[in-house]
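A structural walkthrough
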Amino acid sequence: MPLLAGAGLLVAAPFVLSDFKVILLGEIAIFALLAVSYNLLLGYCGLVSFGHAALFGIGGYTLALILAKTGTPFVVALVSAPIMGAAAALVMGFLALRLAQIYFALFTLAVGQVAWSVANKWVSFTGGDDSLAVTAASIPDPISSPGSESLYFFIVAIVAAALLVLYLMVNSAFGYTLQAMRESPTRAEFVGIPVRRYRLLAFVISGLFAGLAGGLFAVHNHFVHPEMLFWLVSAQVLLMSLLGGVHLFWGPALGAGLVVYLRDSVQGVFPELTEKHLGQILTLEGLTLGAVALAVAIFLPLGVGGMLQRAVRLAASRLGARGRASGEGPAPGPPAFLGTAAAEEPRGRR
Amino acid sequence: MILEVDDIHSYYGLSHVLFGISLSIAEGEVVALLGRNGAGKTTTLRGIMGLTPPSQGSITFQGDEIQGKPPHAIARMGVALVPEDRRIFPDLTVRENLAVAERKPRVMAGGWSVARVYDLFSGLEKLDGRKGGHLSGGEQQMLAIARALMGNPRLLLLDEPAEGLAPLVVRRLAEQVRMLKEEGMTILVTEQNLKFALELSDRAYVIEKGQVRFEGTAEELAKNEEVRGAYLAL
Amino acid sequence: MLLSVSSFTSCLSDPGCVVFQLLGGLSMAMVLFLIASGLSLIFGVLRIVNFAHGSMYMMGAFTAYWLVSRFAGTPGHFWIALVLAPLVVALIGGAVEVVLLRHIYRRSHFHQFLLTFGLILIIADVMRMSFGGEFKSISRPDLLSGSVSVMGRPFPEYNFFLIVVALAVALGMWLVLQRTRLGRTIRAAASDREMTSALGVNVPLLFTMVFALGAGLGGLAGALDAGRGVAISPTMDVQIILLAFIVVVVGGLGSFGGSLLGALIIAEVTTFGILLLPQFALAFVFVIMAVVLLLRPWGLLGKPLEE
Ligand SMILES: Nc1ncnc2c1ncn2[C@@H]1O[C@H](COP(=O)(O)OP(=O)(O)OP(=O)(O)O)[C@@H](O)[C@H]1O
Ligand SMILES: [Mg+2]
C-alpha cells in the first residue's frame, strides 16, 4: 500500500511541481541510487570506501566523453557508463579487498584520488577543471531538456528498475551471505565461504550502479566535473547512508533524499544548473550538513530510518499488547558491526 | 570489611553474566574466588575495578561506594588488578611498565618503589631494561603483580595468577604472594584449581553461572567433597 | 607534453639545482611532518582517523593571520601570532575532544569517519563566515624576510627557520615521548588503554591532552606555513589532509619516526616529481600511498595493527 501511494506521488510530481523541484527530485533519485549502491559495501559488507565518488565520476565521464568525442549513439554511451563503473570497481576492489577496515578505507581513498587527479589534470582529454559539457544535441530529444517531465520519468524509471534489481539481490542467498560474512569474516572463511570473492562481486555490482548513477547525473545536469570524483563526495554518500540507516535497504535512499533536499533548501534557491559544481558542497551547506553528521554520529547511530523503525515497532507492540497478556521480548539491539552503545564495555584489546 | 560487594548484576551487551554476586573481605585477609571456566570470576574482578561496571548492586571499598566510579578513580583509592592475561605493555621496558603505575605513596603506608618490588621479585631486576613483550610468562606474571603494587594498593585483585605457569614457577609465585600476605596485604584471588588457592587463602567463595554457591573457610571447602565435585575442576 | 624530461634531467645534471630542490623539499617535508605527526599521534593513542586534522592546520593559519592583522602595529607581532596560534588550536582541539569525540570511541569506524567529516564541513564554513572565501596571506617577519644564497640561488631565510623549528619540535616530542612520565603514559595508553586506566591513569583526560597536542601540532604547521606566504583560504584543509594521510600511511600510522620519514619521502618525491611530471606529481604520490598499503599496510616504520 505505502509503496503504491509512493509510486503514485512520484508519477504525479512533475505535473504539480515547478521545474526546479522536478530537477531536485531527479537529483534525489540519482543520489538515492548512488547511496544504495554504496550501502552494498557499507551496510552489507561493513566496508567503508572513499573511492565510490571515483566510480560515480568514471560513469559520468564515460558517458560524456563518448558523446563528446565519438558519434556513438546515446544508448551505447548510457550502457557504457555502468560497465566502466563496474570495470573500475573490479580493479579497485581486487586490490582493496586484501586490506581490512581503515587500510581498506585509506586505499580506496588513494585510488579514488588518483582517478580524480587524472580527471582534473589531463585537461586535453577531460577538459579538467572547466568541466566537460554534455550538449543537448547529443541527447535524444524527449529527454534533452532539463526539468522536463520526460527526462524526469526517464531518470526515475531507470533508478527504480536499478533499485529493484539491488533489492532482489540483497534479499537473495547472495545478500544473506554478505551479511553473514560481515558479522564474522573469519568464521565465514572457516565454513568455506570464499569471502573475498563474494565481496569482490559486491564491489563490482556496487561500482556498476555507481557508474549508472554517474551516467544519469551527466544526462540530467548536462556536464561532468572532476569534483564528482573527489573523496568528499564519497564522504557525503557516507553521510547519506548513515543518516538514513545502513541496516535498512531503503535507509541510504532516504538519507540521500534528506541530504539533497537540505543542501537545496539551505541555499534558498536552486542554483543555476550550469554553475553548480559538486565542489560547492563545502560552501553554504557545510554548517547544516556538518551538524547533521555530528548528530548522526553521536545520537543516531541507526539513522533516521532506525528511528522510524523503532517508532513503528513501538506503535505495533502497543496495538498488539492489547491482545497478548505479557509485554514484548527484548528489543533487538543495533547490529554488532555498528559498535557498542555507551553502556556496554567491550573487553580491551590485547 | 575493606571490600563489600552486594548483589551485583553484570552484562556484556545483552548477555547477563552475574546474577547477584555478594562477597566481603576483611582487612588483611586473602580470599579465593573459585569457579569453572565462564563462571564469572573475571567479570566480578572487572566489576570491582570499574572496567565492567555492574548495572545493579553496590560495591563499597573502605566504606566508600565505588560502583559507578571510573577505573582510575578506583585504582587511586587503593584497588589494583592483575588481569588474567597480564596485559604487560609490550613496547615499554620493565622499569617503564612499573613507572606507569607509580603513584605517590600514601602517608602512612610503607609505599612501594621500584627498588622494593625488585626486592620482592628478585628476578625482575636484571630484566630492568628489557621490553615487556620479550618476557616469559612467569616473568610477565611477576611484572604484572609488581606493577600493581606500584600503585600502593590496599586491595590486590589477582586473576588466575598461576594459569599457564610451570609448577616450579607457581611454587615461587605462591611464596611471593604469601610474603605479601604477611605484610598485611588484602588479596582477592581467583582460581579454577583448588590447590594453589587453598594453600594461600583464609576463606573462599565458589561461584557458578554468576551466582555464589558456597562460602566458607578454606578448611571447610577442603572437606566439602560435594561442592568441589559440583562446581570445581578436580 | 605531460612528461617534461628535459627540465628534470637538466636539473639533475646541475648540482646547484639538485641541492636547491632538496632544500625546498626539506622545508616542505618539515611542515608535512608537523601535520602528520599530530595525525599519527592521535591515531596511535585514540585510534581515531581524524579527517578533520587538515582543519586544525587551516585554523592555525587563519588564527595566525588574524593575530598578525590584529597586532599589526606591535613590534614582534609575527612572533606573538606564531606562539599563540597553535595554543588556540590546541584549546579548540581539546574542546572538540571533550564535547564530541568522547562519545564515539566505542562506535564503529563508520561513525568516527562521519563525525570528523562533519567537523571538516563545520570548521570550513566557520572560517568562511569569519574571514571570507578569498585568499589571504601574511608577509614574512622582517627578521627573516631576506634570502641566503645556496649555490648561487636565493633560498628564503624563513625556510631555514622553519626547518630548524620543526626539527626542534621533532626532537622535543621524541624526548617527551621517550623520557618523561607523560610520554610513558601516552605510550602505555596507546597500547592498552583499559589496563592503563586500571593502573590509575585518568585516560579520558589523557585523551583530551593528546588530541589537543595533536591539534596544536597541526595548528603550528598552519601558522608556520602562513608565515611562509602560503595562500590562506577555507579550502586549504582538504588539500593538506590528503598529503598528511599519504605521509602517515607511507611512514606508518601511529609511528612517530614514520611521520618524519614519510614526510621526507613524500616532500622530495613531490618536489622532484613536479619537475618530471608537472601535472601529475600529486597523482603519483597517491600511487605511492596505494602501493605502500598493498605491500606493507602498516607503513615503513609502523607496526601491524592487531584486529
Ligand atoms: N567480552 C565479553 N563479551 C561477552 N561475553 C563475555 C565477555 N567476557 C566474558 N563473557 C561471558 O561471561 C561469562 C563469564 O565470563 P568470565 O570471564 O567472567 O568467566 P571466568 O570465571 O573468569 O572464566 P575463566 O576461568 O575461563 O577465566 C562467560 O559465559 C563468558 O562467555
Ligand atoms: Mg577469567
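Quantities reported herein were computed from a predicted structural model and do not represent experimental measurements. (Residues numbered from 1 in each chain as written. Chains lettered and ligands numbered in written order. Predicted model: local features only at pLDDT ≥ 70, side-chain atom pairs only at ≥ 80, totals over all residues. Heavy atoms only, no water.)

1. Digging into the coordination of the magnesium ion (ligand 2)
All names here are of chain B. Which entries qualify depends on this criterion: A donor here means an N, O or S atom no more than 2.8 Å from the metal, or no more than 3.2 Å when the metal is Na, K or Ca. Since water is not included, a site may seem to lack partners. The numbering of helices and of strands both runs from the N terminus, where a helix is a DSSP run of H or I of at least 4 residues and a strand a run of E of at least 2. Each residue is placed in one exposure class: buried if its accessible area under a 1.4 Å probe, protein chains only, is under 20% of its type's maximum, exposed if it is over 50%, and partly exposed if it falls in between.
Protein coordination of the magnesium ion (ligand 2) is provided by Thr42 (OG1) and Glu84 (OE), with donor distances spanning 1.8 to 2.6 Å. In this pair, Thr42 is assigned in helix 1 (residues 41–49) and Glu84 in the loop between strand 6 (79–82) and helix 3 (94–101), connecting sequence segments 42 residues apart. A residue is classified by how much of its surface remains accessible, and Glu84, at 24% relative accessible area, is partly exposed.

2. Concerning the site of ligand 1
Here is the rule: Nearness is defined per residue: one heavy atom within 4 Å of the molecule or strand is enough. Counting of polar contacts relies on pairs of N or O atoms within 3.5 Å, with two restrictions inside protein: one atom must be capable of donating a hydrogen and the other of accepting it, and residues adjacent in sequence are counted only when both atoms are side-chain atoms. Only the protein chains shown count as cover for residues, and the accessible areas themselves come from Shrake-Rupley with a 1.4 Å probe. By the convention adopted, Pro, Cys, Tyr, Trp, Phe, Met, Ile, Leu, Val and Ala count as nonpolar, Lys, Arg, Asp and Glu as charged, and the other residues, Gly among them, as polar.
Lining the immediate environment of ligand 1, one finds 14 residues, of which Asn37(B), Lys41(B), Thr42(B), Thr43(B) and Glu84(B) sit closest. Neighbouring residues of ligand 1 are not confined to one chain but are distributed across chains A and B. Contact distances for ligand 1 include 2.8 Å between an oxygen atom and a side-chain N or O atom of Glu160(B). Out of a free accessible area of 630 Å², ligand 1 has 68% covered by protein chains. Examining the composition of the shell around ligand 1, we find that three residues originate from one element, helix 1 of chain B, more than from any other. Among the residues forming the shell around ligand 1, the class breakdown is three nonpolar, six polar and five charged.

3. Regarding the state of the cysteines
As used in these notes, a disulfide is a covalent bond between sulfur atoms, one from each of two cysteines. All names here are of chain C. As a reminder, the rule being used: In what follows, a disulfide is any cysteine sulfur pair within 2.5 Å.
In the structure shown here, the tally under the stated rule is one disulfide over all chains. The partner cysteine of Cys11 in its disulfide is Cys17, sulfur to sulfur 2.0 Å. Every disulfide takes its handedness from the sign of the S-S torsion; for Cys11 and Cys17 that torsion is -100°, giving left-handed.

4. A word on the confidence of the model for chain A
For the record, the criterion: How sure the predictor is of each residue is captured by pLDDT, a score from 0 to 100. Two residues qualify as a contact provided that any one of their heavy atoms is within 4.5 Å of a heavy atom in the partner residue.
Per-residue confidence for chain A gives a mean pLDDT of 84; residues scoring 70 or more make up 86%. Low pLDDT, under 50, characterises residues 269–282 of chain A; the stretch is placed with 36 contacts to residues that sit more than four places away or in other chains.

5. Examining unusual backbone geometry
Residues other than glycine seldom take positive phi values, yet Arg86(B) does so here, at roughly 70°. With respect to the helices and strands, the residue Arg86(B) is situated in the loop between strand 6 and helix 3. Phi is positive for Arg47(C), which is not a glycine, with a value near 60°. As for its placement among the helices and strands, Arg47(C) is situated in the loop between helix 2 (15–46) and helix 3 (53–70). Arg47(C) gets classed as partly exposed once you look at its relative accessible area, which sits at 25%.

6. Topic: empty space enclosed by the protein
Residues and elements named next belong to chain B. Using the following cut-off: Each cavity reported here is a set of points on a 1 Å grid over the protein atoms alone in which a 1.4 Å probe fits but cannot get out, each pocket an open set with protein on both sides within 12 Å along at least five of seven lines, and each lining residue one with an atom within 4 Å of a point. Grid points are joined across faces, edges and corners, and a volume is the space filled by probe spheres set on the points.
With the rule as written, the count across this model stands at three cavities of 30 Å³ or more. Counted as a void, the largest cavity has a volume near 40 Å³. Lining of the largest cavity is provided by Gly138, Gln141, Met142, Leu165, Val169, Arg172, Leu173 and Gln176. Elements with a minimum of two residues in the lining of the largest cavity: helix 6 (137–149) and helix 7 (167–182). Counting residues per element, the lining of the largest cavity draws most heavily on helix 7, which supplies four residues. Broken down by class, the residue content of the lining of the largest cavity amounts to four nonpolar, three polar and one charged.

7. Overview of helix 10 (residues 236–251) of chain C
All names here are of chain C. Quick reminder of the rule: Helix span, expected: 1.5 Å multiplied by one less than the number of residues in the helix.
For helix 10, spanning 16 residues, the distance from its first C-alpha to its last is 23 Å, which sits close to the expected 22 Å at 1.5 Å a residue. Within helix 10, 15 of the 16 residues are buried, which leaves the element mostly enclosed by the surrounding structure. With its phi angle positive at about 120°, Gly252 sits one or two positions after the end of helix 10.

8. Structural notes on the pairing of strand 3 (residues 30–34) of chain B
Residues and elements named next belong to chain B. Defined as follows: A pair of strands is treated as paired once DSSP finds two or more bridges between them.
Of all the five residues making up strand 3, five are buried; the element is thus mostly covered by neighbouring parts of the structure. Burial along strand 3 is two-sided: Val30, Ala32 and Leu34 and Val31 and Leu33, pointing in opposite directions, are all buried. Where strand 3 and strand 8 (residues 186–191) come together, five bridges link them in parallel fashion. Note that in strand 8 the partner of Leu34 across the bridge is Glu191. Note: strand 3 against strand 9 (residues 203–208), four bridges, orientation parallel. Note on strand 9: the bridge partner recorded for Leu34 is Val206.

9. Let's talk about the packing of helix 3 of chain B against helix 6 of chain B
Residues and elements named next belong to chain B. Going by this rule: Only C-alpha atoms enter the line fits that serve as axes; for helices the fit covers just the stretch in contact. Angles between N-to-C directions range over 0 to 180 degrees. To sort the angles, those under 35 degrees are grouped as roughly parallel, those over 145 as roughly antiparallel, those from 65 to 115 as roughly perpendicular, and the leftovers as oblique. Handedness of a helix crossing follows the sense of rotation of the near helix relative to the far helix, less than a right angle counterclockwise being left-handed and clockwise being right-handed.
At a minimum axis distance of 7 Å, the contact between helix 3 and helix 6 shows a crossing angle of 30°. Between helix 3 and helix 6, the crossing angle belongs to the class labelled roughly parallel. Helix 3 and helix 6 meet at a crossing whose hand is right-handed. Packed against helix 3, whose contacting residues are Val94, Asn97, Leu98 and Ala101, the element helix 6 presents Leu143, Ala146 and Arg147 at the interface. Within the contact of helix 3 with helix 6, the residues separate by chemical class into five nonpolar, one polar and one charged.

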